[in-house]
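# Breakdown of the fold
Here is how the chains run, residue by residue.
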Amino acid sequence: RERHYLGVMRAYSRVGQKDVEDPRKVEAILQRVKEIYKANKSVKPTAAMYTACISAYGGSRRYNSVPKVMELFEEVKKLYEETGEKDFQPDGMLYGAVLGAISKAKSKD
């Protein structure tokens, strides 16, 4: 089921290609997955989902993305530290998304 949520998140991230119109839509999906995980663990908010959300904020020109990107990054790191589950482990894609979002935010100023 994670891949279905991830697919929708990635699709929202690509709408408009050069400018993600509203990254909050992607974050809302992530929040929903986190609620399900907290309730019954049937779906996990994977590092890939966090990567999609961070990429969406990085691709938006309408939002100051750096604070939100860092919040999401710290959240997934904490999930991994607390659980040790591989699905939450930050990977190169996540780190690349964080760095990309920060560099894009700096270039917009």
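Residues numbered from 1 in each chain as written. Predicted model: local features only at pLDDT ≥ 70, side-chain atom pairs only at ≥ 80, totals over all residues. Heavy atoms only, no water.

Take the overall build of the protein chain next. Along the protein chain, the regular secondary structure elements total five helices and zero strands. Expressed as a percentage of its 109 residues, the buried residues of the protein chain come to 40%. In the protein chain, 67% of the contacts between residues at least 6 apart in sequence involve partners at least 24 apart. (Helix = DSSP H or I, 4+ residues; strand = E, 2+ residues; numbered from the N terminus. Buried < 20%, exposed > 50% of the residue type's maximum accessible area, 1.4 Å probe, protein only. Contact = heavy atoms within 4.5 Å.)

Another aspect to go through is the environment of Glu-27. Inspection of the secondary structure assignment puts Glu-27 in helix 2 (residues 23–40). Put simply, Glu-27 and Ile-54 are 27 residues apart on the chain and 8.7 Å apart in space, counted from C-alpha to C-alpha. When sequence neighbours within four positions are dropped, the list of residues in contact with Glu-27 reads Cys-53, Tyr-57, Lys-68 and Leu-72. Polar contacts involving the side chain of Glu-27 include one to the side chain of Tyr-57, which spans 2.5 Å. (Polar contact = N/O pair within 3.5 Å; in protein donor to acceptor, adjacent residues only side chain to side chain.)

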